[in-house]
Amino acid sequence: MSAPRPEFLKFTGHKSFTQRLVLATLTGRPIHISKIRPNSPTNPGLAPHEVSFLRLLEAVTNGSSMQISYTGTTITYNPGLITGAAPGIGAIDDVLEHQLPATCTRGVTYFLLPLCLLAPFSKAHMNVRFSGPGVITSATETGDLSIDSFRTAILPLYNLFGIPAARIELRVLQRSCAGPHGSGGAGIVELRFSSQVRLPKTIHLNRSPGRIKRIRGVAYATGVSASNNARMIHSAREVLNPIISDIHIAAQYDQAPLVQDAAEKSGSKKRMGIGYGLSLVAESSAVGVLYSADVVVPPKGGILPEDIGKRCAYQLLECISSGGCVPGAAVGSVLTLMAMGSEDVGRLRLGREVVGTEEVIGLARDLKKFGASSWGLRDAEDDDTGDIIVSVKGTGVGNVGRKIA
């Protein structure tokens, strides 16, 4: 007699779309999401970047199935085994090629963040190359990180879970900013994630976050004058130099990528992804404590490089003042790995404002629905910062593709 099929977990709305799909894949629970932008008069249902993420999820798993309604407002997802870039399952030369459409308005980190949550539990290495006219490597107005902040502020946190960041390689083969109307960029990014583990370790990041000892950053310009980098760096230093002396901001200049011009039938090409931005990361004296900030010029332009530098510097100071041991952009990844780790209680120190955000509260509710334990919250008692200690008990979701050590 066959085993009964598990019941579908029901969700509504398009918020936390990738988060729910990742949790479903890690726990093996099928989900049903309805009412995805049902009242939008022009673009109801799934957006182009969400459809592209579903294609990526199908490529890195084996046996998963999904059904989308005619209008795109309802989706049913049955997860499969996370295989990564396993030979014979779509990978060419050990790398999966994923094309992003020109209508994509999200940065490439929208895809990298959930992909790196699945990668430690993969059967084989997770090697994916993002290409196509929709790859945006800079920060975006929709709130996505730049590729530089992701590499320097998010990936090092995997070391805390026993996942060596030295075996995670992120290559930026072509930089790009958002194109006209915030969509399209034509960059090329390759992720090689070779740190597969049986179970993430339990972390105890509940100590004092310490004092900032250095600031690093990258100023990038694509298809515009390279002097914009120097102007952004100079204005950011005007704000940060009186506070700390150890500051180093690298300047990166790239030509804008050439793409086929759809409006011209003669086969002519045009430059895409023109813009500039700044990424800053502050490192604390406490091990594993990082803060990041990202600012990019909007696609319509109109903002001076000096304003971009000052905005990024003030944004970094605001992130540091919010407290905690993890920046807001990395909270979701850290808490998810803690919940999926070994069956022990881990502790994480977060700022009071970070805990109260809609994303963190939504993540706690989703984890509870997928069978994880409730979080324990208490005030940090070693100082008067007002930070909160979050206690998370792991569920022991291991890598089924790895033998038990």
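Just above sits the structure.
Note that the structure is predicted; figures quoted are calculated from it, not measured.

Rules behind the numbers
Residues numbered from 1 in each chain as written. Predicted model: local features only at pLDDT ≥ 70, side-chain atom pairs only at ≥ 80, totals over all residues. Heavy atoms only, no water. Helix = DSSP H or I, 4+ residues; strand = E, 2+ residues; numbered from the N terminus. Buried < 20%, exposed > 50% of the residue type's maximum accessible area, 1.4 Å probe, protein only. Axes fitted to C-alpha atoms, helices over the stretch in contact; angles between N-to-C directions. Parallel < 35°, antiparallel > 145°, perpendicular 65-115°, else oblique. Left-handed = near helix turned anticlockwise from the far one by under 90°. Contact = heavy atoms within 4.5 Å. Nonpolar A, V, L, I, M, F, W, Y, C, P; charged D, E, K, R; others polar. Phe/Tyr/Trp six-rings, centres within 6.5 Å; stacked < 30°, edge-to-face > 60°. Lys NZ or Arg CZ within 6 Å of the ring centre and 35° of its normal.

K.L.:
I'd like a rundown of unusual backbone geometry, residues and numbers included.
P.N.:
One non-glycine residue, K35, lies in positive phi territory at about 55°. Within the secondary structure, K35 sits in the loop between β2 (31-34) and α2 (48-60). Judged by its relative accessible area of 57%, K35 is exposed. The phi torsion at A186 lies on the positive side, around 65°, for a residue other than glycine. For A186, the location among the structural elements is in the loop between β9 (168-174) and β10 (188-193). Classification of A186 by relative accessible area gives buried; the value is 9%.

K.L.:
So what's going on with the packing of helix α5 (residues 227-240) against helix α6 (residues 305-321)? Residues and values would help.
P.N.:
Where α5 contacts α6, the two axes come as close as 7 Å, and the packing angle between them is 40°. Viewed along their axes, α5 and α6 adopt a mutual orientation that is oblique. Of the two possible hands of crossing, α5 and α6 adopt the one that is right-handed. Of the residues in α6, those in contact with N228, R231, M232, S235, A236, E238, V239 and L240 of α5 are P305, E306, I308, G309, K310, A313, Y314 and L317. Looking at side-chain class alone, the contact of α5 with α6 contains 9 nonpolar, 3 polar and 4 charged residues.

K.L.:
How would you explain the packing of aromatic side chains if you had to name every residue and give the values?
P.N.:
Enumeration over the complete set of coordinates arrives at 4 aromatic pairs. When the ring of Y110 is compared with that of F111, the centres are 5.1 Å apart and the planes differ by 85°; the resulting orientation is edge-to-face. By relative accessible area, Y110 is classed as buried at 10%. Aromatic side chains Y158 and F193 sit 5.9 Å apart centroid to centroid with 75° between the ring planes, which places their arrangement in the edge-to-face category. Here Y158 is found in the loop between α4 (147-154) and β9, whereas its partner F193 is found in strand β10, with 35 residues between them in sequence. You can call F193 buried: its relative accessible area is 0%. One aromatic cluster is present, formed by Y110, F111 and F130 through successive ring pairs. Sitting above the plane of the F11 ring, K369 keeps its charged end 4.7 Å from the centroid.

K.L.:
Quick rundown of the packing of helix α1 (residues 17-27) against helix α3 (residues 109-118)? Include the residues and the values.
P.N.:
For the pair α1 and α3, the least separation of the axes is 10 Å and the interaxial angle reads 15°. Here α3 runs roughly parallel to α1, going by the angle between their axes. Seen from above, α1 lies across α3 with right-handed handedness. Two secondary-structure elements touch here, α1 through F17, T18, V22, T25 and L26 and α3 through Y110, P114, L117 and L118. Each residue belonging to the contact of α1 with α3 can be placed in one class, and the counts come to 7 nonpolar, 2 polar and no charged.

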